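Topology and contacts: notes
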Amino acid sequence: TYWTSERIDEYAKEQGKIYDWARESKSGRFVKDPNEVLAIDGPLKLYSIVTSLFVAVAFSRSTTNFVLVNVLGNSGELQETLTVPALVIIFANVGS
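Residues numbered from 1 in each chain as written. Predicted model: local features only at pLDDT ≥ 70, side-chain atom pairs only at ≥ 80, totals over all residues. Heavy atoms only, no water.

1. Some words on the overall build of the protein chain
Counting secondary structure elements, the protein chain contains four helices and zero strands. Mapped from its N terminus to its C terminus, the protein chain presents α and β elements in the order α-α-α-α. Within the protein chain, contacts between residues separated by at least 24 positions form 53% of all contacts whose residues are at least 6 apart in sequence. Working note: accessible area of the protein chain is about 8400 Å², and carbon and sulfur atoms make up 63% of it. (Helix = DSSP H or I, 4+ residues; strand = E, 2+ residues; numbered from the N terminus. Contact = heavy atoms within 4.5 Å. Areas by Shrake-Rupley, 256 points an atom, 1.4 Å probe, with all protein chains shown as cover.)

2. Overview of the side chain of Thr51
As for its placement among the helices and strands, Thr51 is situated in helix H2 (residues 42-59). Residue Thr51 is classed as buried on the basis of its relative accessible area of 10%. Separated by 2.7 Å, the side chain of Thr51 and the backbone oxygen of Tyr47 make a polar contact. Contact partners of Thr51, with chain neighbours within four places excluded, come to Ile89 and Asn93. (Buried < 20%, exposed > 50% of the residue type's maximum accessible area, 1.4 Å probe, protein only. Polar contact = N/O pair within 3.5 Å; in protein donor to acceptor, adjacent residues only side chain to side chain.)

3. Overview of the confidence of the model for the protein chain
Summing up the model confidence of the protein chain, the mean pLDDT is 79 and the portion of residues at 70 or higher is 75%. Of all the helices and strands in the protein chain, helix H3 (residues 63-71) carries the lowest mean pLDDT, 66, while helix H1 (residues 5-27) carries the highest, 90. (pLDDT = per-residue confidence, 0-100.)

4. Structural notes on the pattern of salt bridges
Scanning the entire structure with this criterion turns up one salt bridge. The salt bridge partner of Asp20 is Arg23, with a shortest N-O separation of 2.9 Å. One end of the pair, Asp20, and the other, Arg23, are both in helix H1, three residues apart, so they sit about a helical turn from each other. On the basis of relative accessible area, Asp20 is assigned to the partly exposed category, the value being 36%. Given the relative accessible area of 53%, Arg23 is considered exposed. (Salt bridge = Lys/Arg side-chain N within 4 Å of Asp/Glu carboxyl O.)

Okay, structure coming up:
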């Protein structure tokens, strides 16, 4: 891999193309597609919120235990019971 004058010229051309692309990108030439939006509406949004709260309750270690023991008077069996359905929900989301 010796540097010859031809290889140096090729390298300079490649670097010039890279700099041109970066300049065009910074100027805003490559704009995202307006139809590419993360839109979570209605039932999917509700499902996402409920699922995330359910998984948080099933796997948390501090706040949930406080609520379960002091508010509901439960000694923690409810949290252990919720762990299996939470795992099922997580794997169902990953699988879909």
